[in-house]
Amino acid sequence: MERTLLANPGTTAHCPARARKRSDSQPAGLEHMGQPTEDHPGSGASTMPASALPRTGSDSVLLKVPVPLGSIADSLRASDGQLHAKAPTKPPRTSSLMLPDASGRPPTYCELVPRVPRVQGTPAGHSCPEPEAPWWEAEEEDRCFARPQAEVSFCPPDNPFGLLGSQNRPLETEVLHTLHGLFLEHHPGSTALHLLLVDCQATGLLGVTKAQWGAMGVASGLELLTLPHGHRLRLELLERLETLALAGALAVLGCAGPLEERAAALRGLVELALALRPGAAGDLPGLAAVMGALLMPQVRGKRGWEEAREKVMGKSGEEAGSALFLQVSRLERTWRQLRRSHTEAALAFEQELKPLMRALDEGAGPCDPGEVALPHVAPAVRLLEGEELPGPLDESCERLLRTLHRARLLARDAPRFREAAARRLRGFRPHPELREALTTGFLRRLLWGSQGAGAPWATRLEKFQRVLTVLSQRLEPDH
């Protein structure tokens, strides 16, 4: 029986139905089974003829014969009558964190428990010199999946700052004067690029080190902030947004001089916001911080845009513009002076920047990587940190869905945002002191001092809000 089957492989009348169904119907399919596969080239194994594979009784498993099995162990496997050209590796039963990555091959989706590739340096013989270009112009490396190891922080450590000593008090007058002159030396477009550079580093879009990438398991902070282990990054981004807004409000409320000086400070913030909008620098987190300063209760007042809009419905042109400005409940004289002295900036703020900011906060607005370099992440960050959405229930549900959809798009398009940001910063050489002045660590030390900077964030925010309220009342007391 065995000799008959092996002598005439094309005879299938006496084969079991299961073997006839799962194996090749042509004898040519068995001719290459004994040859080494492409995964083991040059192993020195010889081909094995079909006659060297005897069958015993009705057992459908091929018996191994005394031939060099080391060369065909990976290419010839059989189980339950099925011939596999290459069987999948059994998933390990132990934790993948205990498995060494000795193969050097990236993990595949075929593995139920993916291996954890270790971040290795450049192999010997392939070392390359350090690039002369800055880190924000470096090419992104091809990276594979890695299991996250720990939470990652993209805020640089609070090293000694050039403008601040090792110990400083809050709001030192000399430092504030130096910063005022520093910002006057740079036009809004240059300041916007400085802010974009620092925001890209704080968000983890540019300048991610190998150690940070290996720890977070994804290639960009835009992906990390949507994941559970991105909690620390989300808190840092919220603190940075609020700290920048407080610093912007201080730039206006700290002007104790003539009324025109405060109006010029407002104009400077509006021009910076215009330089940060989509189509320009495209730094939407920076835009949100500047608009947060302009719309802060101590600067603008507590009356919202919707209330002002309802009161001017039916009006148009100059009458509507005058009515909108009458809705300001704080620094009213300063905003009137802005409209008289800097009309274009005032109209751009009311007619362009405020509707744009509202659309971005509601999960709408522009978010194309072509015109945006760094997307608006604050709504998704606040939502993932458990903040409730304002407004009626039906509107909040729609806003919730839009925000979650936008967060998914941000993570998906992270490589495109990185390309857009690198393209805008190509050839840009920042001023060291201005770049330092826009970092979160510097602003933290500037606003709260070296001792108060270590206090909890909620405590620091509450105390500085009281400081801004006092400054606002001193400038223009309530009648």
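Calculation rules
- Residues numbered from 1 in each chain as written.
- Predicted model: local features only at pLDDT ≥ 70, side-chain atom pairs only at ≥ 80, totals over all residues.
- Heavy atoms only, no water.
- Helix = DSSP H or I, 4+ residues; strand = E, 2+ residues; numbered from the N terminus.
- Buried < 20%, exposed > 50% of the residue type's maximum accessible area, 1.4 Å probe, protein only.
- Contact = heavy atoms within 4.5 Å.
- Areas by Shrake-Rupley, 256 points an atom, 1.4 Å probe, with all protein chains shown as cover.
- Phe/Tyr/Trp six-rings, centres within 6.5 Å; stacked < 30°, edge-to-face > 60°.
- Lys NZ or Arg CZ within 6 Å of the ring centre and 35° of its normal.
- Core = buried A, V, L, I, M, F, W, Y, C linked by side-chain atoms within 4.5 Å.
- Salt bridge = Lys/Arg side-chain N within 4 Å of Asp/Glu carboxyl O.
- Expected span 1.5 Å × (residues − 1).
- Bend = angle between axes of the 7 residues up to and from the residue.
- Polar contact = N/O pair within 3.5 Å; in protein donor to acceptor, adjacent residues only side chain to side chain.
- Axes fitted to C-alpha atoms, helices over the stretch in contact; angles between N-to-C directions.
- Parallel < 35°, antiparallel > 145°, perpendicular 65-115°, else oblique.
- Nonpolar A, V, L, I, M, F, W, Y, C, P; charged D, E, K, R; others polar.
- pLDDT = per-residue confidence, 0-100.

1. Comments concerning the overall build of the chain
Scanning the chain from terminus to terminus reveals 19 helices and 2 strands. Each of the 479 residues in the chain was classed as buried or not, and the buried ones make up 41%. Contacts in the chain between residues far apart in sequence, at least 24 positions, make up 74% of those at least 6 positions apart. When the accessible area of the chain is evaluated, it comes to approximately 26800 Å², of which 55% is carbon and sulfur surface.

2. Points about the packing of aromatic side chains
Per the counting criterion, the structure on display carries 4 aromatic pairs. For the pair Phe161 and Phe442, a centre-to-centre distance of 5.6 Å together with 85° between the ring planes defines the contact as edge-to-face. Taken together, the positions of Phe161 in the loop between strand E2 (82-84) and helix H3 (173-185) and Phe442 in helix H18 (residues 440-452) put the pair 281 residues apart, joining distant regions of the chain. Assessed through its relative accessible area of 12%, Phe161 is described here as buried. Members of the aromatic cluster, connected to one another through ring pairs, are Trp448, Trp457 and Phe464. The aromatic ring of Trp335 is capped on one face by Arg300, whose charged end is 4.5 Å from the ring centroid. Of note, Arg460 hangs over the ring of Trp448, and the distance from its end group to the ring centre comes to 4.9 Å.

3. What about unusual backbone geometry?
For Leu171, which is not a glycine, the phi torsion comes out positive at approximately 55°. Positive phi, close to 50°, is recorded for Leu331, a residue that is not glycine. Tracing the chain through its elements places Leu331 in the loop between helix H11 (317-325) and helix H12 (332-341).

4. Quick look at the nonpolar core
Leu287, Leu294 and Phe442 are the most contacted members of the largest nonpolar core, which totals 90 residues. A per-element tally of this core places helix H7 (residues 231-253) first, with 11 residues. Residue contacts for Leu294: discarding those within four places in its chain leaves Leu266, Leu269, Val270, Val299, Arg300, Trp335 and Phe349.

5. Quick word on the pattern of salt bridges
Under the definition given, this model contains 17 salt bridges. Residue Arg336 is joined to Glu332 by a salt bridge in which the shortest nitrogen-to-oxygen separation is 3.4 Å. Of the two residues, Arg336 and Glu332 both sit in helix H12, 4 residues apart, roughly one turn of that helix. Three or more residues are tied together by salt bridges with common partners; here these are Glu239, Arg444 and Arg460.

6. Digging into the environment of Leu224
Residue placement: Leu224 occurs in helix H6 (residues 221-224). You can call Leu224 buried: its relative accessible area is 0%. In this structure, the C-alpha to C-alpha distance between Leu224 and Val152, residues 72 residues apart in sequence, is 8.9 Å. Setting aside anything within four residues of it in sequence, one finds Leu224 in contact with Val152, Phe154, Met216, Val218, His229, Gly230, Leu233 and Arg234.

7. Thoughts on helix H19 (residues 457-475)
For H19, which comprises 19 residues, the first-to-last C-alpha distance of 27 Å matches the rise-based estimate of 27 Å (1.5 Å per residue) to within 8%. Close packing links the buried residues of H19 with H7, helix H8 (259-276), H12 and H18.

8. Examining H18
Its 13 residues place the ends of H18 only 14 Å apart at the C-alpha level, less than the 18 Å of an ideal helix rising 1.5 Å per residue. Its axis deflected by about 80° at Leu446, H18 carries its strongest bend there. Judged by how many residues are buried, H18 sits mostly within the fold: 10 of 13 residues are covered. Within H18, burial applies to Thr440, Gly441, Phe442, Leu443, Arg444, Arg445, Leu446, Leu447, Trp448 and Gly449.

9. A few points about the side chain of Arg330
Within the secondary structure, Arg330 is located in the loop between H11 and H12. Here Glu476 takes part through its backbone oxygen, which lies 2.7 Å from a polar atom of the side chain of Arg330. Separated by 2.7 Å, the side chains of Arg330 and Asp478 make a polar contact. Contacts of Arg330, omitting those with residues within four sequence positions, involve Pro297, Gln298, Val299, Arg300, Gly301, Trp335, Ser472, Gln473, Glu476, Pro477 and Asp478.

10. Let's talk about the environment of Leu266
By secondary structure assignment, the location of Leu266 is in helix H8. For Leu266, the contacting residues outside a window of four places in its chain are Val252, Leu294, Val299, Thr334, Trp335 and Leu338.

11. Digging into the packing of helix H4 (residues 188-203) against H7
It is the contact of H4 with H7, at a shortest axis distance of 10 Å, that shows an interaxial angle of 155°. Considered as vectors, H4 and H7 are oriented roughly antiparallel to each other. Residues Leu195, Val198, Asp199, Ala202 and Thr203 of H4 form the contact with H7, whose participating residues are Leu233, Leu237, Arg240 and Leu244. In terms of residue class, the contact of H4 with H7 is made up of 6 nonpolar, 1 polar and 2 charged.

12. Here's the deal with the confidence of the model for the chain
Scored by pLDDT, the chain has a mean of 75; 63% of the residues are at 70 or more. The low-confidence segment residues 1-86 (pLDDT under 50) makes 67 contacts with residues lying over four places distant or belonging to another chain. Contacts of residues 303-326 to residues separated by more than four positions or lying in other chains number 28 contacts, the stretch itself having pLDDT below 50.

13. A few points about the environment of Pro390
Within the secondary structure, Pro390 is located in the loop between helix H14 (378-384) and helix H15 (393-412). Those residues in contact with Pro390 that lie beyond four places of it in its chain are Ser396 and Arg399.

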